[in-house]
Amino acid sequence: MNGVLQIRAAVIAALEAAGLTAVAAYQGSAKCYAGSVTAVDVAAVTTREGGLGSYLGLRESEVDGGLRELYGRQMDAQILLEVRSARADECEQGMETAAQALLERLPSGLRPGALSWEPVSWDEDNRLFLRRGNLHCRAFFTAELNPEDGTLLDFILKGVVSV
C-alpha cells in the first residue's frame, strides 16, 4: 500500500475508533448511513527525503533477532474531511468528534498540524448538511532492508501494525 493510501486508512481508523462512520472520499453515497458520515481524502502530498539515502541506522529484527538496516521517509500531507448529516446538529457533533480524534487518536507516525473547519452549510446535491475540514500533518514512514537480497521492503507508516 502506498503512503497516501496508508495515511487515508490511518485517518479513517482513528475516526472509526472514536465512534464515527468514516469512508474514503468518493466511496458510495452519504445518504446510506444513519447519523453523520465523514469522507476522508488526501489532497496534496510532498515527500521529503533525508540525507544519506534516508538511512536511519540499525534495528533488531522482531523475526530473527538479527540486525537490519532501517530507512525513513517523511511526507507532508493535506487531508480533506467532509462531515455530512441529515441534521445540522449531527453534522456539528461529527465535526467535534472528528477534530478530537485527529488530535488524539492518530498513530505515532502521523503528526497533526493546523486543523481548520468551514461553517456548516447545506449540500444541495446530496440534500444533507455539510462541514468541510482540512488537516495538515506530517507522516513518518520506515522500511527495512531485506537481508536476503538487499532490497528495500515497503515503507510503512510508523505506529501502524502491518500484516
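Everything below is about the structure shown above.
Residues numbered from 1 in each chain as written. Predicted model: local features only at pLDDT ≥ 70, side-chain atom pairs only at ≥ 80, totals over all residues. Heavy atoms only, no water.

**Here's the deal with the packing of helix 1 (residues 3–17) against helix 2 (residues 88–104)**
With their axes 9 Å apart at the nearest point, helix 1 and helix 2 run at an angle of 120 degrees to one another. As summarised for this structure, helix 1 and helix 2 are arranged oblique, according to the angle between their axes. Between helix 1 and helix 2 lies a crossing of right-handed hand. Between helix 1 and helix 2, the residues in contact are Val11, Ala14 and Leu15 and Ala98, Ala101 and Leu102, respectively. Residue classes in the contact of helix 1 with helix 2 are distributed as six nonpolar, no polar and no charged. (Axes fitted to C-alpha atoms, helices over the stretch in contact; angles between N-to-C directions. Helix = DSSP H or I, 4+ residues; strand = E, 2+ residues; numbered from the N terminus. Parallel < 35°, antiparallel > 145°, perpendicular 65-115°, else oblique. Left-handed = near helix turned anticlockwise from the far one by under 90°. Contact = heavy atoms within 4.5 Å. Nonpolar A, V, L, I, M, F, W, Y, C, P; charged D, E, K, R; others polar.)

**Describing the side chain of Asp123**
By the element assignment, Asp123 lies in strand 6 (residues 121–123). Its relative accessible area of 10% is what places Asp123 among the buried residues. Side-chain polar atoms of Asp123 contact the side chain of Arg84, separated by 2.8 Å. Aside from chain neighbours lying at most four places away, what touches Asp123 is Arg84, Leu128 and Leu130. (Buried < 20%, exposed > 50% of the residue type's maximum accessible area, 1.4 Å probe, protein only. Polar contact = N/O pair within 3.5 Å; in protein donor to acceptor, adjacent residues only side chain to side chain.)

**Observations regarding unusual backbone geometry**
Despite not being glycine, Arg127 has its phi angle at roughly 55 degrees, a positive value. In this structure, Arg127 sits in the loop between strand 6 and strand 7 (128–144).

**Things to note about the packing of aromatic side chains**
All told, the structure shown has one aromatic pair when counted by the stated rule. A cation over a ring is seen here: Arg73 above Phe155, with NZ or CZ 4.1 Å from the ring centre. (Phe/Tyr/Trp six-rings, centres within 6.5 Å; stacked < 30°, edge-to-face > 60°. Lys NZ or Arg CZ within 6 Å of the ring centre and 35° of its normal.)

**Let's talk about the environment of Asp41**
By secondary structure assignment, the location of Asp41 is in strand 2 (residues 37–48). According to the relative accessible area criterion, Asp41 is buried, its value standing at 18%. It is 15 Å that separates the C-alpha atoms of Asp41 and Leu130, two residues lying 89 residues apart in sequence. Ignoring anything within four residues of it in the chain, the contact list for Asp41 reads Ala25, Tyr26, Gln78, Ile79 and Leu80.

**Some words on a negative patch on the surface**
Side chains of Glu60, Asp64, Glu148 and Asp149 sit close together on the surface and give a patch of like negative charge. By the secondary structure assignment, Asp149 is in the loop between strand 7 and strand 8 (156–157). (Patch = residues over 30% accessible without salt bridge, like charges linked within 9 Å, V, L, I, M, F, W, Y side chains within 5 Å. Areas by Shrake-Rupley, 256 points an atom, 1.4 Å probe, with all protein chains shown as cover. Salt bridge = Lys/Arg side-chain N within 4 Å of Asp/Glu carboxyl O. Lys, Arg positive; Asp, Glu negative; His and termini not counted. Charge placed at Lys NZ, Arg CZ, Asp CG, Glu CD.)

**Re the nonpolar core**
Grouped together as the largest cluster of nonpolar side chains are 33 residues, with contacts concentrated most on Ile7, Val11, Leu15, Ile79, Leu81 and Leu110. Listing elements by their share of this core, those giving two or more residues are helix 1, strand 1 (21–24), strand 2, strand 4 (67–85), helix 2, strand 5 (110–117) and strand 7. Ignoring sequence-local partners within four residues, the contact set of Ile7 consists of Val42, Met75, Ala77, Ile79, Leu110, Ala139 and Phe141. (Core = buried A, V, L, I, M, F, W, Y, C linked by side-chain atoms within 4.5 Å.)

**Looking at the pattern of salt bridges**
Following the criterion strictly, the structure yields eight salt bridges and no others. Between Arg132 and Glu82 there is a salt bridge, with the nearest N and O atoms lying 3.0 Å from each other. Of this pair, Arg132 sits in strand 7 while Glu82 sits in strand 4, and the two are 50 residues apart along the sequence. Among the residues examined, Arg132 registers a relative accessible area of 33% and is labelled partly exposed. Since its relative accessible area comes to 22%, Glu82 is described here as partly exposed. We note a salt bridge from Asp89 to Arg87, for which the minimum N-O separation is 2.6 Å. Owing to a relative accessible area of 45%, Arg87 belongs among the partly exposed residues under this scheme.

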